[in-house]
Amino acid sequence: MAVSFLPSGDRGLTVQFGFDIDRGLSRQIMALRAAVDDAAIAGVIETVPTYRSLLVHYDPVEIRQAALIERLKPLLANLDGDDKGHATRWHLPICFEGDCSPDLDFVADFASLSRDEVKTVMTGTEHFVYMLGFAPGMPYMGDLPAALNIPRRSSPVQGIPKGSVLVATGLTVIYPAVNPSGWHVVGRCPVPLFDLGKADPVLLSPGDRVCFREVSLADYEAIAERVEQGDPVVEGEPI
Amino acid sequence: MMPALEVIEPGLMTTIQDLGRFGHQAQGVPSSGALDAGNLRLANALVHNAEGLGALEMRILGPTFKVTAGTVRIALTGTEGGIEISGGPVAFVPAYRSVVLKAGQSFRIGRMSDSAVCYLAVEGGFDLPMIYGSQSTYVSGRFGGFEGRTLQRGDLLPLCLEEASDKPVALCSEPLLYQQSGPIRVVPGPQDDYFDEAALRAFQSQVYHISAESNRMGLRLLGEPIAHAKGADINSDGIVTGSIQVPGSGLPIILLADHQTTGGYPKIATVASADLARLGRMVPGTPLQFRMVSVEEAETAAIALETHLRSLIETLVMPSDEQELLDHLLMSKSLISGPIVD
């Protein structure tokens with residue numbers, strides 16, 4: 001495995017696997033992350049996987065970067081690319097009705113598909129969580145078919161509601177909180193991805209899979225009501 | 001009545017911070033935490049706390065508080081100023097020394113002349129919820145600290161202790177010394193290869209200034225734009241505190257404690273962690289230059305700073321009586337910038 005060790009200062013080491021958004025690369029990155037977790041290297045604080053790399057946060061008082069690289073090399077040599085036991089599959093409700101999907105027609109037009117066909121793509125795809133970022137709990141998920149490889153808007157729209165499911169550039173995100181976005185809103189999910197009422201507020205982790213199932217507006221509201229009352233609503237299944 | 005500090009004046013930007021929120025950056029949760037972690041640790045040590053407890057981080061113009069009940073031990077660090085006290089026998093206590101105040105007394109941290117941030121710790125800490133093991137306030141995420149925001153007039157900050165302990169007053173014989181001048185040390189990468197030699201030279205040779213549009217997320221720099229050799233966008237990778245990203249404008253942004261966990265701009269270099277507090281302490285308009293160092297040099301600087309801080313904390317002076325305290329204060333005149341009444 002040809003990787004580059006790129007310093008992110010004296011408290012971070014970026015292990016770069018490539019440049020592109022690619023499931024093969026991501027499998028390797030997740031496998032290294034799991035191996036680093038299992039190795040419990042003294043001085044490693046946490047790791048952050050992204051499309052292209054694994055960032056290893058470390059404490060230079062406990063381990064120097066040169067020594068850390070030597071600890072990582074044997075792990076890299078033995079990656080099996082198997083993330084069993086390190087990821088969860090989630091079945092999340094999605095509503096396409098009413099004001100949940102203001103950009104669904106635009107997306108359908110762009111892709112030369114009908115609204116129903118776009119809905120079928122969203123519910124028929126197993127969305128892979130490449131990474132989280134931008135806001136606490138926000139997943140970047142892939143991969144949508146080429147037809148849905150839509151560019152972002154040139155300027156962002158303010159106040160995109162919490163729970164919005166958005167697509168652009170072949171990827172899908174779900175907004176854990178109200179934020180601006182240049183992506184296109186195709187649906188809304190009533191299950192919170194970041195809930196400060198819980199001891200563990202973030203729902204998703206890198207490597208997880210998300211499958212959407214369509215619900216009516218009435219069902220969406222019923223689920224939102226249960227969420228309001230503290231019902232966890234969904235349970236993940238280990239992969 | 002619940003023991004608390006009542007906010008009489010909130011100051012410019014006062015938040016609860018500790019050493020940060022770690023372990024969930026992979027889930028997009030920023031670390032946050034004190035911009036000047038060394039002085040936060042020192043403030044906690046001065047009030048006999050564990051070093052990483054949540055304390056007040058104050059920016060540029062400090063707040064005024066009133067003690068609502070019982071007694072509370074407080075200490076200020078990170079500035080040469082001090083605590084102005086009303087309603088008691090002592091009118092002023094310099095920074096780097098703890099003092100116990102009673103219900104009804106109020107105290108004020110004025111305008112800071114020597115730093116953008118300073119810290120005030122209370123013995124026992126604040127009785128506020130932990131999120132992922134930290135009380136740090138993440139203002140843009142609206143969580144952590146006191147209701148996820150900067151303090152406002154009328155807030156009541158609940159204290160863990162009803163009364164200060166009977167432990168002695170503590171003093172620090174010298175302030176925490178960060179490297180006082182000279183360029184900010186940076187380690188090249190992880191995307192220094194997105195810039196050609198001319199851009200790397202311009203980055204290291206020019207004098208930048210800190211823009212007024214800077215905050216706890218990052219310091220925006222003003223200067224001559226530098227050009228990208230391979231474009232200004234990358235597929236996102238992870239960010240550390242001190243990452244220096246260069247967006248399309250060509251003007252660097254140094255990411256600080258509230259930075260997002262990942263980002264899509266090339267990062268030309270990363271600030272040596274030993275110099276992060278220097279940056280956190282800089283007010284808008286401050287000039288700064290960069291100097292490239294190796295990872296090993298930056299690590300050695302980090303270890304030296306940690307050793308210095310440990311020795312300061314381990315040699316805190318705890319005078320056994322009033323006379324010894326007075327003698328000590330008279331001997332270390334450099335720390336006294338106001339009248340001592342006791």
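Residues numbered from 1 in each chain as written. Chains lettered and ligands numbered in written order. Predicted model: local features only at pLDDT ≥ 70, side-chain atom pairs only at ≥ 80, totals over all residues. Heavy atoms only, no water.

1. Remarks on the sheet that holds strand E2 (residues 13–17) of chain B
All names here are of chain B. Defined as follows: Only when DSSP finds a minimum of two bridges between them are two strands counted as paired. Note on conventions: DSSP H or I runs of at least 4 residues are helices, E runs of at least 2 residues are strands, and numbering of each starts at the N terminus. Where helices are involved, their axes are fitted lines through C-alpha atoms of the stretch in contact, as for all axes, and angles between N-to-C directions lie from 0 to 180°.
Strand order in the open sheet formed by 5 strands is E2-E3-E10-E5-E8, and the pairing between neighbours is antiparallel. Every interior strand has two partners, whereas the edge strands, E2 and strand E8 (98–102), have only one. Within this sheet the neighbouring strands show an average axis-to-axis angle of 30°, counted without direction. Across 5 bridges, the pairing between E2 and strand E3 (residues 55–59) is antiparallel.

2. Some remarks on the packing of helix H3 (residues 104–111) of chain A against helix H4 (residues 115–124) of chain A
Residue and element names in this part refer to chain A. The cut-off we apply is this: Each angle receives one of four descriptions, namely roughly parallel if under 35 degrees, roughly antiparallel if over 145, roughly perpendicular if within 65 to 115, and oblique otherwise. Contacts were defined at the residue level, with two residues in contact if any of their heavy atoms lie within 4.5 Å. Amino acids outside the nonpolar list (Ala, Val, Leu, Ile, Met, Phe, Trp, Tyr, Cys, Pro) and the charged list (Asp, Glu, Lys, Arg) are all regarded as polar, and Gly is one of them.
Two elements in contact, H3 and H4, have axes separated by 9 Å at closest approach and are oriented at 95°. Regarding the angle of H3 to H4, the classification is roughly perpendicular. Touching Leu-104, Asp-105, Val-107 and Ala-108 of H3 are Arg-115, Val-118 and Lys-119, all from H4. Residue classes in the contact of H3 with H4 are distributed as 4 nonpolar, no polar and 3 charged.

3. With respect to unusual backbone geometry
Between Gly-142 of chain A and the following residue, Asp-143 of chain A, the backbone shows a cis peptide bond with an omega angle of -5°. For Asp-143 of chain A, the position within the fold is in the loop between strand E7 (139–142) and strand E8 (157–160). Of the consecutive residues Gly-189 of chain B and Pro-190 of chain B, the connecting peptide bond is found in the cis state with omega at 5°. Notably, Val-233 of chain A is not glycine yet its phi reads approximately 70°, a positive angle. Mapped onto the elements, Val-233 of chain A comes out in the loop between helix H5 (217–228) and strand E14 (237–238). The backbone of Ile-60 of chain B shows a phi angle near 60°, a positive value even though the residue is not glycine. Inspection of the secondary structure puts Ile-60 of chain B in the loop between E3 and strand E4 (64–67).

4. Looking at the interface of chain A and chain B
Here is the rule: Buried area: the accessible area, evaluated with a 1.4 Å probe, that two parts lose upon being put together, summed over both parts. In the sections that follow, a salt bridge refers to a side-chain nitrogen of Lys or Arg positioned within 4 Å of a carboxyl oxygen of Asp or Glu. What qualifies as a polar contact is a pair of N or O atoms within 3.5 Å, subject to a donor-acceptor requirement within protein and to the restriction that residues adjacent in sequence count only when both atoms come from side chains.
Counting residues at the interface gives 45 residues for chain A, matched by 41 residues for chain B. Carbon and sulfur atoms make up 58% of the surface buried where chain A meets chain B, a total of about 3,200 Å² over both sides. Taken together, the links from chain A to chain B amount to 1 salt bridge. The residue Arg-64 of chain A makes a salt bridge to Glu-299 of chain B at a minimum N-O spacing of 2.8 Å. Counting every contact that joins chain A to chain B gives 18 residue pairs in polar contact (both at pLDDT 80 or more). Breaking the side of chain A that touches chain B down by element, the ones donating at least two residues are strand E1 (4–7), strand E2 (12–16), strand E3 (44–49), strand E4 (53–58) and strand E6 (127–132) of chain A. A per-element tally of the side of chain A that touches chain B places E3 of chain A first, with 5 residues. The residue inventory of the side of chain A that touches chain B, partitioned by class, reads 24 nonpolar, 13 polar and 8 charged.

5. Description of the layout of surface pockets
This is how it is decided: A cavity, in this analysis, means grid points on a 1 Å lattice covering only the protein atoms where a 1.4 Å probe fits yet has no way out; a pocket is instead an open set bounded by protein on both sides within 12 Å along at least five of seven lines, and a residue lines either one if it has an atom within 4 Å of a point. Grid points are joined across faces, edges and corners, and a volume is the space filled by probe spheres set on the points.
The space that makes up the largest pocket amounts to roughly 1,300 Å³. Together, 37 residues line the largest pocket, and Phe-134 of chain A together with Gln-260, Gly-263, Gly-264 and Tyr-265 of chain B are the ones closest to its centre. Put simply, the parts of the chain that give the lining of the largest pocket at least two residues each are strand E10 (171–174) and strand E11 (179–181) of chain A together with strand E14 (218–222), strand E17 (253–255) and strand E18 (262–263) of chain B. Among the elements that make up the lining of the largest pocket, the one with the highest residue count is E14 of chain B (3 residues). Taken together, the residues that form the lining of the largest pocket break down as 19 nonpolar, 13 polar and 5 charged.

6. Examining the sheet that holds strand E6 (residues 82–86) of chain B
All names here are of chain B. Reading across the sheet, the 6 strands line up as E7-E6-E9-E4-E1-E11 and stay open at both edges, with antiparallel pairing between neighbours. Both edges of this open sheet fall to strand E7 (92–94) and strand E11 (156–158), since each of them pairs with a single strand only. Here the average twist between neighbouring strands, direction ignored, is 25°.

7. Observations concerning the pattern of salt bridges
Put simply, the rule reads: The cut-offs for exposure are 20% and 50% of the maximum accessible area for each residue type, with area from a 1.4 Å probe on protein chains only; residues under the lower value are buried, those over the upper are exposed, and the others partly exposed.
Tallied over the full model, the rule gives 32 salt bridges over all chains. Between Arg-23 of chain A and Asp-143 of chain A there is a salt bridge; the shortest N-O distance is 3.9 Å. Of this pair, Arg-23 of chain A sits in helix H1 (residues 23–39) while Asp-143 of chain A sits in the loop between E7 and E8, placing them 120 residues apart in sequence. Relative accessible area serves as the criterion here: at 33%, Asp-143 of chain A is assigned to the partly exposed category. What emerges from the salt-bridge pattern is a single network uniting Arg-41, Glu-51, Glu-306, Arg-310 and Glu-314 of chain B.

8. Here's the deal with the domain arrangement of chain B
Residue and element names in this part refer to chain B. Test applied: The domain boundaries here were taken from an automatic or database domain assignment.
Each assigned domain of chain B is listed with its residue range as follows: domain 1 (4–173 + 319–335) and domain 2 (184–302). In this structure, domain 1 and domain 2 have C-alpha centres spaced 30 Å apart. Every contact between the two is made by 24 residues of domain 1 and, on the other side, 16 residues of domain 2. For the pair domain 1 and domain 2, the interface holds 2 salt bridges. The closest approach of N and O atoms between Arg-216 and Glu-57, which form a salt bridge, is 2.8 Å. Linking domain 1 to domain 2 there are 9 residue pairs in polar contact (both at pLDDT 80 or more).

9. A look at the nonpolar core
For clarity, the threshold we go by: For our purposes a nonpolar core is just a set of buried Ala, Val, Leu, Ile, Met, Phe, Trp, Tyr and Cys residues, chained together by side-chain atoms within 4.5 Å.
Ranked by size, the top nonpolar core spans 78 residues in total, and within it Leu-5, Phe-107 and Phe-290 of chain B carry the most contacts. Residue contributions to this core peak at 6 residues, all from strand E10 (residues 117–122) of chain B. When residues of this core are assigned to domains, at least three map to each of domain 1 (4–173 + 319–335) and domain 2 (184–302) of chain B. Not counting chain neighbours up to four residues away, the residues in contact with Phe-107 of chain B comprise Leu-5, Pro-63, Thr-64, Phe-65, Val-67, Ile-74, Ile-83, Glu-84, Ile-85, Leu-101 and Leu-120 of chain B. Core analysis: the next-biggest nonpolar cluster, separate from the first, contains 36 residues, Trp-90, Val-118, Val-165 and Leu-204 of chain A among them.

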